[in-house]
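# Report on the structure
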Amino acid sequence: MARSTTKDAQALLHSLRSAYAVTPTNLKIIDLYIVFAVVTALIQIVYMAVVGTFPFNSFLSGVLSCVGTAVLAVGLRIQVNKENKEFKDLPPERAFADFVLCNLVLHLVIMNFLG
C-alpha cells in the first residue's frame, strides 16, 4: 500500500510540474510574490511565538499587511490570466492599476492601525 501511495504522489507531482511549466512568466512572477508574502507572514507568526506579542498592534499590522497583499495578488493573478473567461475584456494594465490602488488603501489602513 505504501508503494502505491508513493507512486501516486510522484505521479501527481510530475503532472503538476509539467502543467506548471507551460504557465506564462507573468503568472509565475505573481505566484512568486504570493509565496513571498505568505512566507513573510509565517516568519512574523513564528517570531511572535518565540519572542512575544508586546506590541500586538505591530504584529497584527505586519501579518494583516502580508496576508492582505497576498489576497490582492491572487485577485491580480485571476484577472491577468488569459485562460480566465470572466475577465477577458479587462486589460492587464487596468488589473494592475486596481491592484496598486487596493494595496495603497490597504497599507493606509495598516498605517492608521499602527497608531
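Residues numbered from 1 in each chain as written. Predicted model: local features only at pLDDT ≥ 70, side-chain atom pairs only at ≥ 80, totals over all residues. Heavy atoms only, no water.

Note the following rule: UniProt positions are given in the numbering used here, feature names are shortened, and annotations may be inferred rather than shown by experiment.
Looking at an unreviewed UniProt entry, one finds the protein named Dolichyl-diphosphooligosaccharide--protein glycosyltransferase subunit DAD1, with Penstemon smallii as its source organism. Listed in UniProt under the heading Subcellular location (unreviewed entry), the comment for the protein reads: "Endoplasmic reticulum membrane".

## Considerations on the overall build of the protein
Note the cut-off: Here a helix means four or more residues in a row that DSSP labels H or I, a strand means two or more in a row labelled E, and each is numbered from the N terminus. Radius of gyration: over C-alpha atoms. The globule rule applied is 2.2 Å multiplied by the number of residues raised to the 0.38 power. The buried label goes to any residue with under 20% of its type's maximum accessible area, the exposed label to any with over 50%, and the partly exposed label to all in between, with areas taken from a 1.4 Å probe on protein chains only. In this analysis, two residues are considered to be in contact whenever any of their non-hydrogen atoms come within 4.5 Å of each other.
A count of helical and extended segments in the protein gives four helices and zero strands. Start at the N end of the protein and walk to the C end: the helices and strands fall as α-α-α-α. Whereas a compact globule of 115 residues would reach a radius of gyration of roughly 13 Å, the protein reaches 19 Å, over 25% beyond that. Taking the principal axes of the C-alpha coordinates as reference, the protein spans close to 55 × 45 × 20 Å. Counting across all 115 residues of the protein, residues that qualify as buried make up 23%. Relative to all contacts within the protein whose residues are 6 or more apart in sequence, the contacts with residues 24 or more apart total 66%.

## Side note on the pattern of salt bridges
To be explicit about the condition: Whenever a carboxyl oxygen of Asp or Glu lies within 4 Å of a side-chain nitrogen of Lys or Arg, that contact is scored as a salt bridge.
Applying the stated criterion across every chain, the model contains two salt bridges. Salt-bridge contacts for Asp 31 lead to Arg 77; the nearest nitrogen and oxygen are separated by 2.5 Å. On the criterion of sequence distance, the pair formed by Asp 31 in helix α2 (residues 25–51) and Arg 77 in helix α3 (residues 56–80) is long-range, its members being 46 residues apart. Across the pair Arg 94 and Asp 98 runs a salt bridge whose closest N-O atoms are separated by 3.2 Å. In this pair, Arg 94 and Asp 98 are both assigned in helix α4 (residues 92–114), four residues apart and thus about one turn of the helix distant. Using a relative accessible area of 48% as the deciding quantity, one classes Arg 94 as partly exposed.

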